[in-house]
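Analysis of the macromolecular model
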Amino acid sequence: MAATTGVPTFGVRAAVHDYSGVVVLRDVDFELHGGEIHALLGENGSGKSTLIKVLTGAVRPTAGTLYLDGDPVAFATPQQAQAAGVAVVHQNYNLFPDLTVEKTLLASAASTPRRLTGLGAVDHRAWRQRVEQLLDRLGVDLDPRSPVGALGPAERKFVEIARAMATEPRFLILDEPTASLEPSAADRVLALMRTLRTHGVGLAFVSHRLDEVAATADRVTVLRDGARVAERASTGLTTAEMARLMVGDRPQESLRPEVPTVRPDVLLRLREVRCVDEGDSFDLDVHAGEILAVTGLVGSGAARFVSMVGGDVPLHGRAEMDGREVRLRTARDAQAQGIGFIPEDRKARGLVLEHSCAVNISLASLGQVATTGRVSRRRLLRRAEEFRTRLDIRMPSLTAPASALSGGNQQKVLVAKWLASGVRLIAVEEPTQGVDIGGRAQIHDLLHEFTAGGGAVVLFSTDVREVLGLADRVAVFRHGCLSRVHPVGDLDQARLTALTAGEEQDPGPRAVDAAVPHPATAASAPTPSSRPTVRMESSR
Ligand SMILES: Nc1ncnc2c1ncn2[C@@H]1O[C@H](COP(=O)(O)OP(=O)(O)OP(=O)(O)O)[C@@H](O)[C@H]1O
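Now for a look at the structure at hand.

Cut-offs applied
- Residues numbered from 1 in each chain as written.
- Predicted model: local features only at pLDDT ≥ 70, side-chain atom pairs only at ≥ 80, totals over all residues.
- Heavy atoms only, no water.
- Near = heavy atom within 4 Å.
- Polar contact = N/O pair within 3.5 Å; in protein donor to acceptor, adjacent residues only side chain to side chain.
- Areas by Shrake-Rupley, 256 points an atom, 1.4 Å probe, with all protein chains shown as cover.
- Nonpolar A, V, L, I, M, F, W, Y, C, P; charged D, E, K, R; others polar.
- Salt bridge = Lys/Arg side-chain N within 4 Å of Asp/Glu carboxyl O.
- Helix = DSSP H or I, 4+ residues; strand = E, 2+ residues; numbered from the N terminus.
- Buried < 20%, exposed > 50% of the residue type's maximum accessible area, 1.4 Å probe, protein only.
- Axes fitted to C-alpha atoms, helices over the stretch in contact; angles between N-to-C directions.
- Parallel < 35°, antiparallel > 145°, perpendicular 65-115°, else oblique.
- Contact = heavy atoms within 4.5 Å.
- Core = buried A, V, L, I, M, F, W, Y, C linked by side-chain atoms within 4.5 Å.
- Pairing = 2+ DSSP bridges.
- Phe/Tyr/Trp six-rings, centres within 6.5 Å; stacked < 30°, edge-to-face > 60°.

**Considerations on the site of the ligand**
Among the 17 residues in the neighbourhood of the ligand, the closest are listed as Lys48, Ser49, Thr50, Ala404 and Gly408. A distance of 2.8 Å is found between an oxygen atom of the ligand and a backbone nitrogen or oxygen belonging to Ala404. The contact in question runs from an oxygen atom of the ligand to an N or O atom on the backbone of Gly407, over 3.3 Å. For the ligand, the accessible surface in isolation is 640 Å², of which the surrounding protein chains cover 84%. Across the shell around the ligand, the residue classes break down as five nonpolar, 10 polar and two charged.

**A closer look at the pattern of salt bridges**
Tallying each qualifying case throughout the model produces 24 salt bridges. Notably, a salt bridge pairs Arg219 with Glu36, separated by 2.6 Å at the nearest N-O pair. One end of the pair, Arg219, is in strand E9 (residues 219–224); the other, Glu36, is in the loop between strand E2 (22–33) and strand E3 (37–42), with 183 residues separating them in the sequence. With respect to class, Arg219 is no different from Glu36; both count as buried. Sharing partners across several salt bridges, the network here consists of Arg269, Arg271, Asp283, Asp285 and Glu320.

**Overview of the packing of helix H14 (residues 407–421) against helix H15 (residues 437–452)**
Remark: H14 packs on H15, axes separated minimally by 11 Å, with the N-to-C direction vectors making an angle of 10°. In terms of orientation, H14 lies roughly parallel with respect to H15. Residue-level inspection shows Gln411, Lys412, Val415 and Leu419 of H14 in contact with H15, the latter providing Gly439, Gln442, Ile443, Leu446 and Phe450. The residue inventory of the contact of H14 with H15, partitioned by class, reads five nonpolar, three polar and one charged.

**Some thoughts on the nonpolar core**
Leu41, Ile161, Leu172, Leu196 and Phe205 are the most contacted members of the largest nonpolar core, which has 52 residues in total. Setting aside residues up to four positions removed in sequence, Leu172 forms contacts with Ala87, Val88, Val89, Ile161, Ala164, Met165, Leu196, Val201, Gly202, Leu203 and Ala204.

**Description of the side chain of Thr432**
With respect to the helices and strands, Thr432 occurs in the loop between strand E19 (425–429) and H15. Thr432 sits in the buried class, given a relative accessible area of 5%. The contacts of Thr432, once residues within four sequence positions are left out, are Gln411, Arg440, Ile443, His444 and Glu466.

**Some thoughts on the sheet that holds strand E20 (residues 456–460)**
Strand order in the open sheet formed by six strands is E16-E19-E20-E13-E21-E22, with mixed pairing between adjacent strands. Two strands close off the open sheet at either side, each with one partner strand: strand E16 (339–342) and strand E22 (481–487). Neighbouring strand axes in the sheet, compared pairwise and without regard to direction, differ in orientation by 20° on average. Judged from the four bridges that link them, strand E13 (residues 291–295) and E20 form a sheet pairing that is parallel. Residue Ile291 lies in a different strand from E20, and its bridge partner there is Val457. Packing of H14 onto the sheet brings it into contact with E16 and E19, and relative to E16 it is tilted by some 175°. On the sheet, H15 packs against E13, E19 and E20 and is oriented at approximately 140° with respect to E20.

**Concerning the sheet that holds strand E5 (residues 71–73)**
Backbone-to-backbone hydrogen bonds pair the strands of a sheet. The strands run either parallel or antiparallel. The sheet built from four strands is open, its strands ordered E2-E1-E4-E5 with antiparallel pairing. Only two strands of the sheet have a single neighbouring strand rather than two, namely E2 and E5. Strand-to-strand, the axes of this sheet are offset by a mean angle of 30°, without reference to chain direction. As paired strands, strand E1 (residues 9–19) and strand E4 (residues 63–68) are joined by five bridges and run antiparallel to one another. Note on E4: the bridge partner recorded for Val16 is Ala63. Helix-sheet contacts for helix H1 (residues 48–55) involve E1, E2 and E4, and the interaxial angle to E1 is about 120°.

**Considering the environment of Val313**
Along the polypeptide, Val313 turns up in the loop between helix H9 (302–309) and strand E14 (318–321). Here Val313 falls in the buried class, since its relative accessible area comes to 19%. Along the chain, Val313 and Arg329 lie 16 residues apart, while their C-alpha atoms are 6.5 Å from each other. Once you skip the residues sitting within four places of it in the chain, Val313 turns out to touch Arg304, Ser307, Met308 and Arg329.

**Re the packing of aromatic side chains**
The tally for this structure, following the rule as stated, stands at five aromatic pairs. Ring geometry for Phe10 and Phe75: centres 6.3 Å apart, planes at 35°, overall tilted. One end of the pair, Phe10, is in strand E1; the other, Phe75, is in the loop between E5 and helix H2 (78–83), with 65 residues separating them in the sequence. The pair Phe10 / Phe75 is uniform in exposure class, with both members buried. With a centroid separation of 5.4 Å and an interplanar angle of 35°, the aromatic rings of Phe305 and Phe477 are classed as tilted.

Structure below.
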């Protein structure tokens, strides 16, 4: 405890927590100082979120003592933690899209200006001024009157941070603040955290992106299996060492299979597709055996394209599966064509949280575990056990509800659900968001295995390294439209970032002859008609 030094200090000593007798935190010490950024690292299920819940009053620890400036404290609710100066920003967006920025902040303000007349109603003009001052202090350029739903992901994260800061905390705890943000947006959030540090706020954050931890954190605490295994200054600590502390000796990076698995057969042929009403249309083929990454900045159309392939939003354009015209307007249409969809928002839409892990794994294929029309519990559990082993899913038991799994393990269940279902194409948004380094490798291996067996993956990821490490081809979207498809061998991190941001223009005429042939057909000299991979209908 650093109370005697005058540095504001908040932490917990010897925290223990169990869920129904299963111990998930074991004697954990964690200390946060004012004016520092402290990263909390650990594999999926290592106890990070539980520790955050303990620190912020969402759960009461089974044992252990919270302290603030040297004095013991106890928080029965998050409101009590907030009143004591400890605020939290949760991982998932928790905002009402129709509310304006200023009204969103109003709901959580420590105090609000009141009119002297009108029964002390809120003085909205004075409040707007206060919001403007707050945003100014944070260095955030946001219009207080803008509805939250109209903002991009980084701006929404700013609003969540500003909302927490409206409670005037001395300590701010952020659960994966940059997950799902593309690199430039993540950088802006990290810059905001640094600004808060200069104001003396003590920040703790969880991240699986170790390079941003190395670049941002002053100290790191590492949890493994619910126990603290290290607490170190980050100076001189490499990302490789962080990973080793987290996972021990397990393999950390997925290896691309040496033999290219891409096949020339077109599995899904898309024609005259439009991602936005006023955008240009484009054609794109997805081949059996390939991982096609789709990338672009917010609003580029990339994420929307993957949602269309997955049937999450209606496809505007024509689709053929195995040469047969098909309808792709709903998730049901997609599934009927053998297409699975893994949305980014796995909690709200990917899983049925109150159902067991075993049921969730077989959710898209209950018929396969049924005998004489009834789901066989034995077969359901056997199959769930198979996937639990293959993906190393940490779950209290096969029959525990999916809500009892850590975020990264929920993601693995979602991947298992589609792998188990026998679909031929998986459209996936952010496949390893919130997944630790070991889990990433397992999910990557499974996706490779899936494509090696003739399946195809259409992947949206904001993680440039994941795109380069996983994909066979990369489709770059800009301004709501496909810009160009590149074989992954032509790209490195800098080039892909530049292409995505539009800093590097695609060379040559942007028409059918500018198309990049598919790797599987590139060896033979293609005629224009034999390489229909990408066709730009018109330039932008
Ligand atoms: N409500 C719950 N009921 C039962 N077990 C739970 C519950 N919440 C979490 N757990 C278990 O506690 C352990 C720690 O989970 P926690 O969410 O703290 O991990 P985490 O380190 O935050 O993981 P991730 O990186 O995946 O978010 C996991 O084994 C998880 O299954």
